[in-house]
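What the coordinates show
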Amino acid sequence: MTILIKRRWLHVLALSAATAALVGCGKKEEPAPAAPAAAPAAPVAAASAPAPEPFKAAWVYIGPIGDAGWTFAHDQGRKAVEAEFGDKVKTTFVEKVPESADAERVLRDLATQGNKIIFATSFGYMEPMVKVAAEFPDVKFEHATGYKMGPNLRVYDARFYQDAYMAGIIAGKMSKTGTLGFVGSFPIPEVLRNINAYTLGAQTVNPKIKTKVVWINTWFDPPKEGDAAQSLINAGADVLLQNTDSSAVLQTAEKAGKYAFGWDSDMSAVAPKAHLASAMVIWGGYYKKAVREAMDGTWKSERTVWGVKEGQNDLIKINEAVPEETRKKVEEVKAGMKAGTFEVFTGPIVGSDGKELLAKGVAADQAWKDKVDFYVKGVEGKVPGK
C-alpha cells in the first residue's frame, strides 16, 4: 500500500471516530416509562348457589272447594301450610276426584310430578292410595279417615263426634217435636259415631229424643242432600244434622222454617235463621305438622286422631235463640274435652236393639270407636247391611 492510500484510510477512520463522539455527546435517550402497575384484579364473585327447589305437597279433594263444607275445610288447611312455609313449599290440589279408578290415576300423576307428600281427603281413596304408595316408596302418603297404613302411608283423623255431641245438646233443647233428623253419607264407623253422638248429646237434655236417619250413599250431592233433608222434615224432624259435604241440608231447613247445623266449616252466613251452630274441623295444625315432618325427615308411619283438645274440632257461633243454660252446658262439655276429662262414649250405652254396648262408667277406647257398626237407643231403624 502506498503512503498516499494509507493516509486516506486514516482520514476516513478519523472522521468516523469524530462522528461517533458527537453522537455520544448528544441528548441522552430517555428510558421507556415503566408500565403502570396493574390494578389489583377484582375478586371474582363466587357463583351464587341456585335457590333450592321448593318442597312439593299435594291434596286430592272429593268435591269442589266452594266456600263451605268438607273440601273447603281441607283447602283452608292447605292454605295454612302456604302461610307457614312461604316459598319453601309449593302446594297443589286436584278437586272433584271420584272415589274410583280416577283417584288412582290422579295420585300416580301427582307422585310422578315430584310431590313429596300427598294428602287424600276422603275415605274412599284408601285402596287407590295403598296401591300407589307401594309404587312410590320415596313419597309420603297421608289418608284422611282411613285405617290402612304402610311404610310410607299413614292415617289422620278427627273426633267429629265431639262436635256432633255438642250439637246434640243444642238440638235436644231446641226441638219442639222431640224428633231429630240426620242425613248420612255412608254407614261407616265415622258416620255412625256422629249419628250416635248427636243422639246421646240430645238425650242429656231430653231423654225421650228420637233420631231419624236418611242415607244417600254419597259425600257430595247437593240435590240429594236437600231431598233427604226435606224427607226428614216431612217425617217430623225439626232439627237436622248431616255428615255430607255441602250446605244443602241447612238451606233446606231454612226454607222449611226448621233448624240445622253447619258441618265442617262456618256456615252461619248460608242460612242465618236456621243455623244453630257450626261444627268445625280445622285441618291446618295437622297439615303443618305433617309437611314439617316430611321436610325435616322425622315423618313416620302412624295414625293420628285429634279433636277439641288439639284444636282440630270445635262448635262455633251458637244462635242467640239458644237458651243461656244450654250454651253453658255446651261450654262445660267443651272444657272437659279440651282437658281430656270428658269422653262422649261413656257407659252405660245401650244399642237400638236394647243390648248393652258399654257398661256404666266405662269410657270407650279407640278400638271400640273404630268398630262402631250400630245405632244407640233412640236412633230409629237399622244400620244398612246389618
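Residues numbered from 1 in each chain as written. Predicted model: local features only at pLDDT ≥ 70, side-chain atom pairs only at ≥ 80, totals over all residues. Heavy atoms only, no water.

Check the secondary structure of the chain and you find 11 helices and 14 strands. Per-residue burial for the chain yields a buried fraction of 48% across its 386 residues. (Helix = DSSP H or I, 4+ residues; strand = E, 2+ residues; numbered from the N terminus. Buried < 20%, exposed > 50% of the residue type's maximum accessible area, 1.4 Å probe, protein only.)

Hydrogen bonds along the backbone pair up the strands of a sheet, which may run parallel or antiparallel. Across the sheet, 6 strands lie side by side as β2-β1-β3-β4-β5-β11; this open sheet has parallel pairing. Two strands lie at the open edges of the sheet, namely β2 (89-94) and β11 (303-306), each paired on one side alone. For this sheet, the mean inter-axis angle between neighbouring strands, taken without regard to orientation, is 20 degrees. The strands touched by helix α4 (residues 126-135) within the sheet are β3 (117-120), β4 (140-144) and β5 (153-158), with β4 carrying the most contacts at an inclination of about 170 degrees. (Pairing = 2+ DSSP bridges. Axes fitted to C-alpha atoms, helices over the stretch in contact; angles between N-to-C directions. Contact = heavy atoms within 4.5 Å.)

So, on to the pairing of strand β10 (residues 275-281). Counted residue by residue, β10 has 7 buried out of 7 residues, so it is predominantly covered. Two elements, strand β9 (residues 259-264) and β10, share 4 bridges in a ladder whose sense is parallel. Within the sheet, the bridge partner assigned to D264 lies in β10 and is M280. Of the strand pairs in this sheet, β10 and strand β12 (residues 313-316) are connected by 4 bridges, and their pairing is antiparallel. Among the inter-strand pairings, S278 is bridged to a residue of β12, identified as I316.

Within the open sheet, the 6 strands sit side by side as β7-β6-β8-β9-β10-β12. Their pairing is mixed. Where the open sheet ends on each side, the last strands, each with one partner, are β7 (210-215) and β12. Between one strand and the next, the sheet's axes are offset by a mean angle of 20 degrees, whatever the strand orientation. Where helix α7 (residues 222-234) meets the sheet, it contacts β6 (179-184), β7 and β8 (239-242), and its direction lies at approximately 160 degrees from that of β6. Those strands touched by helix α8 (residues 248-255) are β6, β8, β9 and β10, and its axis lies near 165 degrees from that of β9.

With that out of the way, let us pick up empty space enclosed by the protein. Rolled over the atoms, a probe with the dimensions of a water molecule shows which regions are left empty. Summed over all chains, the structure comprises 2 cavities of 30 Å³ or more. In this structure, the largest cavity spans a volume of roughly 80 Å³. Together, W70, S122, F123, T145, F160, E190, W219, N243, D245, W263 and D264 line the largest cavity. Counted by class, the lining of the largest cavity contains 5 nonpolar, 3 polar and 3 charged residues. (1 Å grid on protein atoms, 1.4 Å probe; cavity = no way out; pocket = protein on both sides within 12 Å on 5 of 7 lines; lining within 4 Å. Points joined across faces, edges and corners; volume = space filled by probe spheres on them. Nonpolar A, V, L, I, M, F, W, Y, C, P; charged D, E, K, R; others polar.)

Okay, helix α9 (residues 284-296) next. Spacing of three or four residues puts side chains on the same side of an α-helix, whose turn is 3.6 residues. Taking 1.5 Å as the rise per residue, α9 with 13 residues should run 18 Å; its terminal C-alpha atoms sit 18 Å apart, in good agreement. Phi turns positive one or two residues past the end of α9, at G297, with a value near 85 degrees. (Expected span 1.5 Å × (residues − 1).)

The next thing to look at is the confidence of the model for the chain. Scored by pLDDT, the chain comes out at a mean of 90, with 87% of its residues at no less than 70. Under a pLDDT of 50 for its full length, residues 1-40 has, in the predicted model, 2 contacts with residues more than four places off or in other chains. (pLDDT = per-residue confidence, 0-100.)

For the bond running from G347 to P348, omega is 10 degrees, close enough to zero to count as cis. Note on placement: P348 falls in the loop between α10 (324-339) and β13 (349-350). In this structure, D264 takes a positive phi of about 80 degrees despite not being glycine. Its location among the elements puts D264 in strand β9. We note that K317 has phi near 50 degrees; this positive angle belongs to a residue other than glycine. Among the residues examined, K317 registers a relative accessible area of 48% and is labelled partly exposed.

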